[in-house]
There are 2 protein chains.
Amino acid sequence: MLKGKMVIGQSGGPTAVINQSLVGAILEARKHESITGILGARHGLAGIMKEDFIDLSSQPVAQLEDIANTPAAALGSVRLKPGKAECERVFEVFKQHDVRFFFYIGGNDSAETAHIIAEMAKAADYDFCTIHIPKTIDNDLRVTDHCPGFASAAKFVALAFMGDDRDNQALSGVKINVVMGRDAGFLTAASALARQHEGDGPHLIYVPERVFKPAQFQEDVRKQVAEHGRCVIAVSEGIVDDSGQPIASSGEKDSHGNLQLSGTGALGDALSAMLKAALPEGTRIRADTFGYLQRSFPSVVADVDVKEAREVGTFAVHHAATSASNGSVAIKRLSNKPYRSEYFITPLASVAREATALKDVYIDEAGNDVTQAWLDYVSPLVGELPRMGKF
Amino acid sequence: MLKGKMVIGQSGGPTAVINQSLVGAILEARKHESITGILGARHGLAGIMKEDFIDLSSQPVAQLEDIANTPAAALGSVRLKPGKAECERVFEVFKQHDVRFFFYIGGNDSAETAHIIAEMAKAADYDFCTIHIPKTIDNDLRVTDHCPGFASAAKFVALAFMGDDRDNQALSGVKINVVMGRDAGFLTAASALARQHEGDGPHLIYVPERVFKPAQFQEDVRKQVAEHGRCVIAVSEGIVDDSGQPIASSGEKDSHGNLQLSGTGALGDALSAMLKAALPEGTRIRADTFGYLQRSFPSVVADVDVKEAREVGTFAVHHAATSASNGSVAIKRLSNKPYRSEYFITPLASVAREATALKDVYIDEAGNDVTQAWLDYVSPLVGELPRMGKF
């Protein structure tokens, strides 16, 4: 039976419920005698390398519950693609502290990190268990039906569009809303949940899974304005042209070599300019970029997401403590009415590195809207939304 | 006793609770025999001129309650500064329909419109009662202690900063958040409610009541980064330089001659560029512009605001039906613990046209933060906020 300390860390972009997973893992770990200590790594791998740990064995449950209900990574997060030297250092620290369990909460990049470390342990014949706990508002992990963190962000996006569409009904014009999602349009597609009445927006939805063609975009918007006298548009921050280049960005790159898309209004303003050139002078055109609020707004969470985020953390530790085998926790949807799901372990390699994207069946033929199949997939996750009144 | 139909309209930027005022007014009007018909003007003055009315006398209460809980102006809004010809046309329509009561829900521009029309009625010796019902997320009306619509927008801003500050703690850097407020910094100042623990952001708050000096801004941020290793900044969209020019805008003007500040990421991106030039290369700098979400996000409302927005509508109609004298409804704060307020009527001219701004006593000496007096003013309006957990 594997016995030793555990390290848990959080990595990548925060979510509204990532701390649920952390607290689920901590509370479960406290039940297992084989886990002899619970170390929280500050800022993920960066903290491990510096031995910057918090002892998580004795915080009062009430404090942990407050943390669970708080958005963003309570241990601190990091965006770090470890090289050989970093992995060796991590390993050295784990051995020094008799760490036998490693839990990494994150997306596909974090799963890759977990995978590399698991492989190193195997090569070194060091008895060790590595579990990746899924988390991403992008919902782009392979294998799992969906990712903890996504449904709460999707609820934020749906609410934002519900209100903004009312705003646009009150003061007509063209409104562009840029939604997070570099390579996958899941979150942008969730904007369709805002539609409750005939004519409600968003009237157009553009996801990165389809090439973005400015001329077609201008034509699409012209048509919607002709029909509704207004147009509300959802656009993924990651839309690209036919050569695969982003339509607009700040030009800055992060440590993964990804172009900075969030935290700038560049895309919204570029799309506004495209429409200004295409629509009659004086047309009211506005663009908002929802930005970081989507992933860290307190109190806007989906019930299913809160529950599942907690349970993947619990499940991960229970699995590790009882089977000591590596893997990534995934969710299987059992039914929609009522919504039920269960958890299972999938190999780290099946989730690491490569991400997934919106299935074709979720995107309409014209490439500027979603399908009913998408709504059937996403609605049970987001749950009930407030009813919008109308005369 | 004045007897006749009433017209009610909504004007200016929507809020999360403006429909509460509308519904309060409708339900009260249904109780008064002197009000012989309830006409809702679609898109305010624009609808009146076109005789585009909805009969509001018979909708089921359940439908009205749904509308009350829906953000943005359910009758449609308008931004229109009426000239002589427009006012004459409005008058003609009022006479044609035997309209004797006019309720206009809006800010200082709407109060001015109401005032002009009241003056015309007096000059024409037409028995008529005009009431302005206050509404603005900017909180910049004179006389009243605060404006319906503000506290809900302030709650959104406070929550947004609470979450975003956690996000910034998790992945450190410099974060600029641009908040609505052309000439008044009330909403931006509300960001200070996000602070719960030592070191929480926002670390700097810039309002349009103080000249914005780029060099000082760069220096302020450098200091905060040195102290906290990060910096979260709240900036009003309306900040101006020492010549009174906006720091950045899209260049477009609305029908009131105001430069377009919202619905563009121009200011956030300009401030990011200023900081990129001032901070060490590689510093993570991001900017979000909260945009229209601040005024129309469903389900994020302040309890006091919901109640008062409803009651100013009720009070307006009750006052008109029982006294038939013109005026604008204002709020007087009676106590903070527990919070209590009452309503009174102030002359239209005392609210029309000129707006107000943050008092000096609410802004700290350095001009980059708010004071305890501000927190004492705003906290009871916004109400309880979720507790942010922390290790």
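Counting starts from 1 at the beginning of each chain's written sequence and moves along it residue by residue. A letter from A marks each chain and a number from 1 marks each ligand, given out in the order of writing. Under the rules for a predicted model, residues below a pLDDT of 70 receive no local features and side-chain atom pairs below 80 are neither given nor counted, while totals for whole chains, interfaces and linings still include all residues. With hydrogens and water excluded, all non-hydrogen atoms of the structure serve as input to the side-chain values.

(A) Structural context of the overall build of chain A. Counting its regular elements, chain A contains 12 helices and 11 strands. Note on method: radius of gyration uses C-alpha positions; expected globular size equals 2.2 Å times residues raised to 0.38. In terms of C-alpha radius of gyration, chain A reaches 22 Å, essentially the compact-globule figure of 21 Å for 391 residues. With respect to the three principal axes, the spread of C-alpha positions in chain A is 70 × 40 × 35 Å. Working definition: with a 1.4 Å probe on protein chains only, accessible area under 20% of the residue-type maximum means buried, over 50% means exposed, and in between means partly exposed. Counting over 391 residues, chain A shows a buried share of 62%. Should any heavy atoms of two residues lie within 4.5 Å, those residues are considered in contact. In chain A, of all internal contacts separated by at least 6 residues, the share reaching a separation of at least 24 is 78%. Helical segments are the DSSP runs of H or I of at least four residues, strand segments are the runs of E of at least two, and each set is numbered from the N terminus.

(B) Looking closely at the sheet that holds strand S5 (residues 129-134) of chain B. Residue and element names in this part refer to chain B. Any two strands with at least two DSSP-identified bridges between them are counted as paired. The strand order across the open sheet formed by 7 strands is S3-S2-S1-S4-S5-S10-S11, and the pairing between neighbours is mixed. Strands at the two margins of the open sheet, each flanked by one partner only, are strand S3 (53-55) and strand S11 (339-346). Direction aside, neighbouring strands of the sheet carry axes that sit 30° apart on average. Each of strand S10 (327-336) and S11 is contacted by helix H12 (residues 372-382), which is oriented at about 100° to S10, the strand it contacts most. Every axis corresponds to a line fitted to the C-alpha atoms, with the helix fit spanning only the stretch in contact, and the corresponding angles, defined between N-to-C directions, vary from 0 to 180 degrees.

(C) Up close: the interface of chain B and chain A. On the side of chain A, 66 residues touch chain B, which itself brings 66 residues to the contact. Note on chain B versus chain A: buried area summed over both sides is about 4900 Å², and carbon and sulfur give 59% of it. Definition used for salt bridges: Asp or Glu carboxyl oxygen within 4 Å of a side-chain nitrogen of Lys or Arg. The tally of links between chain B and chain A comes to 4 salt bridges. Elements with a minimum of two residues in the side of chain B that touches chain A: helix H1 (18-29), helix H3 (61-68), helix H6 (150-170), helix H9 (266-278), strand S9 (285-289) and helix H10 (293-296) of chain B. Throughout, the ten residues Ala, Val, Leu, Ile, Met, Phe, Trp, Tyr, Cys and Pro are labelled nonpolar, Asp, Glu, Lys and Arg are labelled charged, and all others, Gly among them, are labelled polar. Here the residues of the side of chain B that touches chain A are counted per class, giving 31 nonpolar, 20 polar and 15 charged. The quantity reported as buried area is the accessible area (1.4 Å probe) lost by two parts once they are put together, taken as the sum for both.

(D) Geometry of the pattern of salt bridges. One pass over the full model with this rule turns up 38 salt bridges over all chains. With a shortest N-O distance of 2.9 Å, B:Glu88 and B:Lys84 are connected by a salt bridge. In this pair, B:Glu88 and B:Lys84 both sit in helix H4 (residues 84-96), 4 residues apart, roughly one turn of the helix. Judged by its relative accessible area of 65%, B:Lys84 falls in the exposed class. For the salt bridge of B:Asp145 with B:Arg333, the shortest nitrogen-to-oxygen distance reads 2.9 Å. Of the two residues, B:Asp145 sits in the loop between S5 and H6 while B:Arg333 sits in strand S10, which places them 188 residues apart along the sequence. A relative accessible area of 24% places B:Asp145 in the partly exposed class. Here the salt bridges share partners, and the residues they tie into one network are A:Glu51, A:Arg89 and A:Glu92.

(E) Just the environment of B:Asp140, in detail. All names here are of chain B. On the secondary structure map, Asp140 appears in the loop between S5 and H6. When the C-alpha positions of Asp140 and Arg284 are compared, they lie 35 Å apart, and in sequence the two are 144 residues distant. Apart from residues no more than four positions distant in its own chain, Asp140 is found in contact with Asn108, Cys147, Ala184, Phe186, Ala355 and Thr356.

(F) Structural context of the relation of the copies chain B and chain A. Superposition of the copies was done by least squares, using only C-alpha atoms of residues whose pLDDT is at least 70 in both. Mapping chain B onto chain A is achieved by rotating through 180° and translating by 0.0 Å along the same axis, at an RMSD of 0.0 Å. On this basis, the relationship between the two copies can be described by a two-fold rotation axis. Measuring from the rotation axis to each C-alpha of chain B, the shortest distance belongs to B:Gly265, at 2.0 Å. Most of the interface of chain B is mirrored in chain A: 100% of its interface residues are interface residues there too.

(G) Fine view of the side chain of B:Ser34. Residues and elements named next belong to chain B. Tracing the backbone through its elements, the reader meets Ser34 in the loop between H1 and strand S2 (35-41). Given a relative accessible area of 10%, Ser34 falls into the buried group. If near-sequence neighbours (up to four positions away) are discounted, Ser34 is found in contact with Met1, Leu2, Lys3, Gly4, Phe101 and Ala321.

(H) A look at the domain arrangement of chain A. All names here are of chain A. Structurally, chain A comprises domain 1 (4-148 + 300-350) and domain 2 (152-299 + 358-382). Each of domain 1 and domain 2 has a C-alpha centre, and these two points are 32 Å apart. Residue-level contacts link 24 residues of domain 1 with 23 residues of domain 2. With both sides pooled, the region where domain 1 packs onto domain 2 buries about 2200 Å², and carbon together with sulfur makes up 57% of that total. For the pair domain 1 and domain 2, the interface holds 0 salt bridges. Counting of polar contacts relies on pairs of N or O atoms within 3.5 Å, with two restrictions inside protein: one atom must be capable of donating a hydrogen and the other of accepting it, and residues adjacent in sequence are counted only when both atoms are side-chain atoms. In this assembly, domain 1 and domain 2 are joined by 9 residue pairs in polar contact (both at pLDDT 80 or more). Contributions of two or more residues to the side of domain 1 that touches domain 2 are made by helix H11 (303-323) and strand S10 (327-336). The class makeup of the residues in the side of domain 1 that touches domain 2 is 11 nonpolar, 5 polar and 8 charged. A domain assignment, automatic or from a database, supplies the domain bounds used here.

(I) Broad picture of the packing of helix H1 (residues 18-29) of chain A against H11(A). Residue and element names in this part refer to chain A. Where H1 contacts H11, the axes come no closer than 7 Å and their chain directions differ by 40°. Handedness of the crossing formed by H1 with H11: right-handed. Residues Gln20, Ser21, Val23, Gly24, Ala25, Leu27, Glu28 and Ala29 of H1 form the contact with H11, whose participating residues are Val306, Ala309, Arg310, Val312, Gly313, Thr314, Val317 and His318. Here the contact of H1 with H11 is built from residues that sort into 8 nonpolar, 6 polar and 2 charged. Handedness of a helix crossing follows the sense of rotation of the near helix relative to the far helix, less than a right angle counterclockwise being left-handed and clockwise being right-handed.

(J) Summary view of the environment of A:Lys337. If you trace the backbone, A:Lys337 turns up in the loop between S10 and strand S11 (339-346). For the pair A:Lys337 and A:Asp200, spaced 137 residues apart in the sequence, the C-alpha separation amounts to 26 Å.

(K) Spotlight on unusual backbone geometry. Residue and element names in this part refer to chain A. The amide bond that connects Gly201 to the next residue, Pro202, takes the cis arrangement and shows omega of 5°. Within the secondary structure, Pro202 sits in the loop between helix H7 (186-189) and strand S7 (204-206). If you check the backbone angles, Ala72 has positive phi at about 75° while not being a glycine. Structurally, Ala72 is set in the loop between helix H3 (61-68) and helix H4 (84-96).

(L) Structural context of the pairing of S2(B). Residue and element names in this part refer to chain B. Among the 7 residues of S2, 6 are classified as buried, and the element is accordingly described as predominantly covered. Summarising the sheet, strand S1 (residues 4-10) and S2 pair through 5 bridges and their orientation is parallel. Paired with Met6 across the two strands is Ile38, which belongs to S2. Read as a crossover between parallel neighbours, the route from S1 over H1 to S2 is right-handed. Pairing between S2 and S3: 3 bridges, direction antiparallel. Of the residues in S3, the one forming a bridge with Leu39 is Asp55. The path from the first strand over the helix to the second decides the hand: if it runs clockwise while the strands point away from the viewer, the crossover is right-handed.

(M) Focus on the sheet that holds strand S1 (residues 4-10) of chain A. Residue and element names in this part refer to chain A. Across the sheet, which stays open at both edges, the 7 strands sit in the order S3-S2-S1-S4-S5-S10-S11 with mixed pairing between neighbours. Looking at strand neighbours, the two that pair on one side only are strand S3 (53-55) and S11, the edges of this open sheet. Ignoring strand direction, the axes of neighbouring strands in this sheet form an average angle of 30°. Bridging between strand S4 (residues 99-106) and strand S5 (residues 129-134) involves 6 bridges; their strand directions are parallel. Across the sheet, the residue bridging to Tyr104 is His132, located in S5. Sitting on the sheet, helix H12 (residues 372-382) touches S10 and S11, and the angle it makes with S10 is about 100°.

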